Amino acid sequence: MHRIAYSKLSARDIESKLSKVVSGGPTSASPLSDVFAGKSLNIATDKGLKLSYSFRGNSRLTVSENGGATVEAGYGAQALGRVAVFSHLIPGTQRGYAVIVDQKTDLVTVFELWFSGYEDKREVQREIYHGYVEKSGKKPAEARHIATNRMEGHGYHWTQDNGIETLDLYPSAAYSLWVEMSRLGGELGYCAPSDYIKIDTEYFIYTRTECEFSGIFTLYVIDLNHIEQAGLRLGFNAEDALEYYVFRGKGEWVGQIAHFEKFGDVKGDVVPPRAEDGKPLAKGARAVYRPLKTWEIMSKSEVAAARKTAFIMHTDMAGNGDPITDYLVGKSFTLRYDNAPAMEYRIDERETLHWRKEGSKRWIKTRYHAWESTPGVILFGHLLEGEPNHDGHSICVDFDQGLVTCYNGFFNTPYFANESGAKTLFGVVEMEGIIPPAYRRHHFTDELVGHAISWEYSPGLTSMHVYTTPYSASWVIFTESGAGGMQWSGSAAYVKIREGLYFAYWLEEACNGALGTILVNLNTMHDAGIGLMCDKNDGIKMDPVGALGRHVGHYDIARFFQVNRSGRTA
């Protein structure tokens, strides 16, 4: 599931763990750079922060903040050509700095970092300062490092000097998407608010803060020409151990997807933070998607008592959907699943059907909708009355091949009752005139992995899906300028129905609990789908999904995942 378990560390826990590393500074798998050894730096920033440094070798420094007392701490530095990054903590505090210096231009970007600035105290906070190195007799440059969208769409495979391997994708100008290949097995992609800062056309600064997960902060400078990185990591991992190290890494460019700002628009900071109740913005404020802060969690009894509706109301998520079809009217058939009870259907009308589990004498009448995405392939769905977990079926039937795949959605997951779960059911169609295959089935596939498709559900309602791994997907919400904005991820599955036709689901886990299923037709660049969710206002509801698609690029990442395209058990 799309979660990383972690503890709610107290300020005292954090202070204790930081105090053990402040003197030694960050660790490093590679030799520390001595680029600053024996030097002094006086840094001035546009926001007024001033830092005075003296470096004693490659691991000790003294620092004074804004002319205050001088303190000593350990530090670590790494350099990429003329750009160097170093980091240290401030003794007796929960604060520290990461400083990026362009030794050619003397321009500087400083990240002040601290803990216990948010209700989840382990989440690293950051404030960004742009400035320069003061030099006697030299007029400071007027230029500055600047926030930018120039990295939007890029994707890289990185291997750090300590063996950590990640896929880092930047489909948004405000967020990023990463897959932990070495730490977490590469199964899921995660999203985090990110900063993208341009040093020049060759060097960029990237950060992510794992808000809503571990709270860890990662920063690195990217050398685009050599595809190398140098940076640091600060925060507490899932075992609550402090990670504080500087690193180097080598990368591979895995592709770039399109972005949609006007030509010439290279602005960053595309999702500014918003003040609450008219209060001034807090130091380090940033836009963060925290869905569980606003979502109302329901109990099992509340879900059981909720009203249940299917295909009743118009929804903007289907503004570009196809008309429903009467293809099923007059048909009777059985869907025999390999891993679930067979379902019998008798369909007499365009929007109502009768169903029962094989062996039952009672037919249940319910509402359904169906769509014919391509000749002979029907997507339809309905709720299952009387099931203890309030199931709903989203079903793709290929009548020409006699095959069926069903996404069995349900509620009462281990996390909260109105969050959806999903099971994938494979099977065959038994019907007069059809000889069902004995062994052949639809099958899981990795053929969509790495692809990005924008979906316009209705005018003004557009998002982009990035099919990240064989087991997860991410979605990006666009800003008014066309830039990629807020982003989230969830577990997913992808099933190949025919060439160019794929049946997928995504779960909005740790979010609003919704299950989305779509039948993606790459030949028509259109989809048909079904959403299943439960909230306190509308209860359990099943609604249509329909959108116009644009293929916006591809990351060459499927090769990093070991998936058997010929099939696997659900």
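The shown structure was predicted, so the numbers you read here are calculated from the model rather than taken from an experiment.

## Describing the overall build of the protein
Within the protein, the regular secondary structure consists of two helices and 37 strands. Taking 2.2 N^0.38 as the reference for a compact globule, 570 residues should give roughly 25 Å; the C-alpha atoms of the protein span a radius of gyration of 27 Å, in line with that estimate. Projecting the C-alpha coordinates of the protein onto the three principal axes gives extents of approximately 90 × 45 × 40 Å. Here the protein, with 570 residues, has 59% of them falling under the buried criterion. In the protein, 55% of the contacts between residues at least 6 apart in sequence involve partners at least 24 apart.

## Description of unusual backbone geometry
Look at F311: it is not a glycine, yet its phi comes out positive at around 55 degrees. With respect to the helices and strands, the residue F311 is situated in the loop between β19 (308-310) and β20 (332-337). Phi is positive for A510, close to 50 degrees, though the residue is something other than glycine. For A510, the position within the fold is in the loop between β34 (501-507) and β35 (515-521).

## Thoughts on the side chain of T445
Checked against the element boundaries, T445 lands in the loop between β29 (443-444) and β30 (451-458). One polar contact links the side chain of T445 to the main-chain amide nitrogen of E447, over a distance of 3.0 Å. Look past the residues within four positions of T445 in its chain and what remains in contact with it is Y494, V495, K496 and Y502.

## Structural notes on the nonpolar core
In terms of nonpolar packing, the biggest core is built from 52 residues, with F36, Y53, F86 and F111 touching the most fellow members. Core analysis: the second largest hydrophobic core is formed by 31 residues, A417, F503, L519 and I540 among them.

## Concerning the packing of aromatic side chains
In the structure shown here, the tally under the stated rule is 34 aromatic pairs. Considering the side-chain rings of F36 and F55, the 5.0 Å spacing of their centres and the 20 degrees angle between planes classify their relative orientation as stacked. Of this pair, F36 sits in the loop between β1 (27-28) and β2 (40-45) while F55 is found in strand β3 (residues 50-56), placing the two residues 19 residues apart along the sequence. Taken as a pair, F36 and F55 share a single burial class, namely buried. Aromatic side chains F36 and F86 sit 5.1 Å apart centroid to centroid with 70 degrees between the ring planes, which places their arrangement in the edge-to-face category. Placement of F36 in the loop between β1 and β2 and of F86 in strand β6 (residues 83-89) is noted, with a sequence separation of 50 residues between them. The exposure class assigned to F36 is buried, which follows from its relative accessible area of 3%. A cation sits over an aromatic face here: K283 above W114, 5.1 Å from the ring centre. Directly above the aromatic system of W363 lies the positively charged group of R346, at a separation of 4.6 Å from the ring centroid.

## Overview of the environment of S474
Mapping S474 onto the fold places it in strand β32 (residues 472-478). Classification of S474 by relative accessible area gives buried; the value is 0%. Put simply, S474 and M464 are 10 residues apart on the chain and 8.2 Å apart in space, counted from C-alpha to C-alpha. Those residues in contact with S474 that sit more than four places away from it in its chain are L177, C191, M464, H465, V466, T468, Q487, W488 and S489. Polar contacts involving the side chain of S474 include one to the main-chain carbonyl oxygen of W488, which spans 2.9 Å.

## Let's talk about the sheet that holds strand β7 (residues 95-102)
The eight strands lie next to each other as β2-β3-β4-β5-β6-β7-β8-β9, forming a closed barrel whose pairing is antiparallel. Across the sheet, the mean angle separating the axes of adjacent strands is 30 degrees when strand polarity is ignored. Bridge count between strand β5 (residues 70-80) and β6: six bridges; the pairing is antiparallel. Bridged to A77 within β6 is F86.

## So, the sheet that holds strand β23 (residues 364-367)
Strand order in the open sheet formed by nine strands is β23-β22-β21-β20-β28-β27-β26-β25-β24, with antiparallel pairing between adjacent strands. Sheet topology places β23 and β24 (369-374) at the edges, where each strand pairs with a single neighbour. With strand direction ignored, the average angle separating the axes of adjacent strands in the sheet is 30 degrees. Sheet analysis places strand β21 (residues 343-346) next to strand β22 (residues 352-357), joined by four bridges and oriented antiparallel. Bridging from a neighbouring strand, M343 pairs with K357 of β22.

## Brief notes about the side chain of T62
You can see T62 is positioned in strand β4 (residues 60-65). In this structure T62 comes out as buried when scored by relative accessible area, which is 10%. Not counting chain neighbours up to four residues away, the residues in contact with T62 comprise S52, Y53, S54, R56, T70, V71 and E72.

## Considering the confidence of the model for the protein
Averaged over every residue, the pLDDT of the protein is 95; the share at 70 or more is 98%. Contacts of residues 565-570 to residues separated by more than four positions or lying in other chains number 16 contacts, the stretch itself having pLDDT below 50.

## Some points on the pattern of salt bridges
Pairing between side chains becomes possible if they bear opposite charge and their charged atoms approach one another. The full count for this structure, using the stated rule, is 43 salt bridges. A salt bridge links R367 to E351, with the nearest nitrogen and oxygen atoms 2.5 Å apart. One end of the pair, R367, is in strand β23; the other, E351, is in the loop between β21 and β22, with 16 residues separating them in the sequence. With relative accessibility at 28%, the residue R367 sits in the partly exposed group. For E351, a relative accessible area of 25% puts it in the partly exposed group. The structure contains a network of salt bridges with shared partners spanning D168, E180, R183, R208, E210, R233 and E243.

## Brief notes about the environment of E349
Counting through the fold element by element, E349 comes out in the loop between β21 and β22. For the pair E349 and H382, spaced 33 residues apart in the sequence, the C-alpha separation amounts to 14 Å. Not counting chain neighbours up to four residues away, the residues in contact with E349 comprise V329 and Y368.

## Digging into the pairing of strand β15 (residues 203-209)
Counting buried positions along β15 yields seven of seven residues, so the element is predominantly enclosed. Of the two faces of β15, the one holding Y203, I205, T207 and T209 and the one holding F204, Y206 and R208 are both buried throughout. Taken together, the five bridges between strand β14 (residues 189-198) and β15 define a ladder with antiparallel strand orientation. The residue of β15 that forms the bridge with D195 is T207.

Rules used throughout
- In this convention, every chain numbers its residues from 1, walking through the sequence in written order.
- Given that the model is predicted, a residue must reach a pLDDT of at least 70 before its local features are reported, and side-chain atom pairs must reach 80 or more before they are shown or counted; all residues, however, enter totals for whole chains, interfaces and linings.
- Hydrogens and waters are ignored; side-chain quantities use all the structure's heavy atoms.
- The helix count covers DSSP runs of H or I at least four residues long, the strand count covers runs of E at least two residues long, and both are numbered beginning at the N terminus.
- Each radius of gyration is computed over the set of C-alpha atoms, and the globule rule expresses the reference value as 2.2 Å times the number of residues to the power 0.38.
- Buried residues are those whose accessible area, probed at 1.4 Å on protein chains only, stays under 20% of the maximum for their type, while exposed residues exceed 50% and partly exposed ones sit between those limits.
- Only heavy atoms matter for contacts: two residues are in contact if any of them lie within 4.5 Å across the pair.
- In the analysis that follows, any N or O atom pair within 3.5 Å is treated as a polar contact, provided that within protein one partner can donate a hydrogen and the other can accept it, and provided that, for residues neighboring in sequence, both atoms belong to side chains.
- Definition used in this section: a nonpolar core is a set of buried Ala, Val, Leu, Ile, Met, Phe, Trp, Tyr and Cys residues joined via side-chain atoms within 4.5 Å.
- Think of it this way: a Phe, Tyr or Trp ring, Trp meaning its six-membered ring, pairs with another when their centres are within 6.5 Å, and the plane angle makes it stacked under 30 degrees, edge-to-face over 60, tilted otherwise.
- Consider the ring centre and the ring normal. A charge sits over the ring if Lys NZ or Arg CZ is within 6 Å of that centre and within 35 degrees of that normal.
- Whether two strands pair comes down to DSSP finding at least two bridges between them.
- To get an axis, fit a line to the C-alpha atoms, keeping to the stretch in contact for a helix; angles then go from 0 to 180 degrees between the N-to-C directions.
- Confidence of the predictor at the level of single residues is given by pLDDT, which spans 0 to 100.
- Salt bridges are defined by distance alone: a side-chain nitrogen of Lys or Arg within 4 Å of a carboxyl oxygen of Asp or Glu.

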